[in-house]
Amino acid sequence: MANENTLQNIISHCKEYGFIFQSSEIYDGLSAVYDYGQYGAELKKNIKDYWWKSMTQMHENIVGIDAAIFMHPTVWKASGHVDNFSDPMIDNKDSKKRYRVDHLIEAYAETLEVAAASELLQTMESLLAQDDFDGLKSLIVRNNIKCSISGTCNWTDVRQFNLMFSTEFGAVAGDDATDNTIYLRPETAQGIFVNFLNVQKTGRMKIPFGIAQVGKAFRNEIVARQFIFRMREFEQMEMQFFIKPGTQKEWYEYWKTTRMNWHRSLGIPEERYRFHDHVKLAHYADAACDIEYDFPIGFKEVEGIHSRTDFDLRNHQEYSGKKLQYFDNDLNPETGKPIGNYIPYVVETSIGLDRTVMMVLSEAYREEDLSTAEKKDSRVVLKFPPFLAPVKLAVLPLVKKDGLPEIARELMESCKPHVKCFYEEKDTIGKRYRRMDAIGTPFCVTIDHQTKEDQTVTIRYRDTMLQERIPLAAVKEKVLNSVYVF
Ligand code: ATP
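So, here is what we can say about the structure in this document. Source: prediction; values computed, not measured.

### Focus: the pattern of salt bridges
- All told, the structure shown has 37 salt bridges when counted by the stated rule.
- A salt bridge links E235 to K44; the nearest nitrogen and oxygen atoms lie 2.8 Å apart. Here the residue E235 occupies a position in strand β10 (residues 233–243), and K44 occupies one in helix α2 (residues 38–57), the gap between them amounting to 191 residues. The two residues E235 and K44 agree in class, both being buried.

Structure below.
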């Protein structure tokens, strides 16, 4: 169920506990650009490492690369981004505010009854599919959709707006710079396509095989809002899977299932997800769907799965004049001869790292009322699966004396080479537990006077808040066992 308040609470929590800050905050921030703080960076890295391992280690036929953000400008001609990477926009003449047409209509639809909203959205989808800009404008005017700032319905025509950021390469700036214009990549995929043959030949890869990559992408999003859901600088985790033409339907289905299983392995139940098939296919695709998660702002895309045909490799072959083909040694059952050269087809899986962080945070965030008859009490806890938690273990000596810190330090030294640990002596134990709940630490271990006598400690579990006494020597194994996922 969509809940804007929950999102606001998550945003405040992320700021208060060092997960996510607005970029350049001391200068009042930069819109739709965010920095990850000490715990956010750990969480993001854990998600990234898990994805990377799932792709490149658990699939023997997938390898990972790390391509540059800057690419030859012709790449973006060949990929279609210069001509097609744009969204239909409309400006309100009174407020001068620019809107993405689909976002404007979708926001209005949310105020309608279910049947009316679905009729409106269907009409919008079909107009978008036909690039019918006049039709879209008259749909907005007919429904009397107003600008939220000016409150008027005084709209310009609908126009396309390219989302790529450009910059100048080398020393020349100003009027002479046109030849030097390059783009900040709007997706990581093209770094994989242009390296297809390098990887295939040097890795002696046989089709079907995949190339994976994690990296920054940049889009000059017009309507940039909803926290890290839509940013102007963000990270993608993409995998291009190269296959024999004609087999794309099977592989598309394979990757839909495989990726949904990955999502479930994050500890998120299936009913929190749904597939959304694209009605309007991108210029490169013959089938496409999104995996949507039920964010506090409603069901929204986290990952796209696209059957991209041979669109990209074929265009790069044409624009570069270099052959981008694969020689298939497998025998053609009809002729008994090798299948020979072809341009592979591609099925890609493309997931936003930041959106996944937001998904994992939304799923983990809980405000719990712990009041009893005697006393009012509550806590905010992040119930991350242990393998994703920024800190796995907190080591807490009950008091700062009597040799307890020394024992605690020893435990720290034995665990910290393996998992991220946190040591703290200050404040009451209750306050320390709550702070660990707020950053999602699954295990807290308290060293007390009894530890000195019988070598046992109290381990406290984040989700249940239950405490039990276990041997000091058993802590490390218990924590490590909970963070292995494969
Ligand atoms: P949307 O429809 O939300 O703009 P998209 O369909 O353009 O997304 P893709 O081009 O398929 O997105 O990119 C793959 C993934 O990259 C998306 O599923 C999303 O998780 C992520 N992504 C795309 N744009 C952004 C953005 N501006 N901020 C954060 N993540 C993004």
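Once you've had a look at it, read on.
### Side note on the site of the ligand
- Every one of the 16 residues lining the ligand counts as a neighbour, but E221, R230, M231, E301 and V302 are closest to it.
- Interatomic distance of 2.8 Å between a backbone N/O atom of M231 and a nitrogen atom of the ligand.
- Here an oxygen atom of the ligand and a side-chain polar atom of E301 are 2.6 Å apart.
- A total of 590 Å² of accessible area belongs to the ligand in isolation, and the protein chains cover 86% of it.

### Quick look at the packing of helix α5 (residues 101–109) against helix α6 (residues 114–129)
- Their axes nearest at 9 Å, the elements α5 and α6 cross at an angle of 170 degrees. It follows from the interaxial angle that α5 and α6 lie roughly antiparallel. Contact residues: D102, I105, E106, Y108 and A109 in α5; A117, L120, L121, M124 and L128 in α6.
- The class makeup of the residues in the contact of α5 with α6 is eight nonpolar, no polar and two charged.

### Re the layout of surface pockets
- Taken as a whole, the second largest pocket encloses approximately 430 Å³ of empty space.
- The wall of the second largest pocket is formed by 18 residues, among which N46, D49, F387, K392 and V483 lie closest to the centre.
- Listed by contribution, the elements that provide at least two residues to the lining of the second largest pocket are α2 and α16 (475–483).
- Counting residues per element, the lining of the second largest pocket draws most heavily on α2, at six residues.
- Partitioning the lining of the second largest pocket into residue classes produces ten nonpolar, two polar and six charged.

### So, a nonpolar patch on the surface
- Together, M58, V485 and F486 line one region of the surface with nonpolar side chains, adding up to about 280 Å² of accessible area.
- By the element assignment, M58 lies in the loop between α2 and β3 (62–65).

### Comments concerning the packing of aromatic side chains
- Evaluated as defined, the whole model comprises 20 aromatic pairs.
- With 5.3 Å between their ring centres and 80 degrees between their planes, Y34 and F227 make a pair best called edge-to-face. Of this pair, Y34 sits in strand β2 (residues 34–36) while F227 sits in the loop between β9 (209–218) and β10, and the two are 193 residues apart along the sequence.
- Overall, F227 belongs to the buried group, its relative accessible area being 6%.
- Centroid distance F443 to Y461: 6.0 Å. Interplanar angle 75 degrees. Geometry classified as edge-to-face. Placement of the pair is F443 in strand β21 (residues 443–447) and Y461 in strand β22 (residues 456–461), with a sequence separation of 18 residues. As far as the burial class goes, F443 and Y461 line up, both buried.

Definitions and cut-offs
Residues numbered from 1 in each chain as written. Predicted model: local features only at pLDDT ≥ 70, side-chain atom pairs only at ≥ 80, totals over all residues. Heavy atoms only, no water. Salt bridge = Lys/Arg side-chain N within 4 Å of Asp/Glu carboxyl O. Helix = DSSP H or I, 4+ residues; strand = E, 2+ residues; numbered from the N terminus. Buried < 20%, exposed > 50% of the residue type's maximum accessible area, 1.4 Å probe, protein only. Near = heavy atom within 4 Å. Polar contact = N/O pair within 3.5 Å; in protein donor to acceptor, adjacent residues only side chain to side chain. Areas by Shrake-Rupley, 256 points an atom, 1.4 Å probe, with all protein chains shown as cover. Axes fitted to C-alpha atoms, helices over the stretch in contact; angles between N-to-C directions. Parallel < 35°, antiparallel > 145°, perpendicular 65-115°, else oblique. Contact = heavy atoms within 4.5 Å. Nonpolar A, V, L, I, M, F, W, Y, C, P; charged D, E, K, R; others polar. 1 Å grid on protein atoms, 1.4 Å probe; cavity = no way out; pocket = protein on both sides within 12 Å on 5 of 7 lines; lining within 4 Å. Points joined across faces, edges and corners; volume = space filled by probe spheres on them. Patch = residues over 30% accessible without salt bridge, like charges linked within 9 Å, V, L, I, M, F, W, Y side chains within 5 Å. Phe/Tyr/Trp six-rings, centres within 6.5 Å; stacked < 30°, edge-to-face > 60°.

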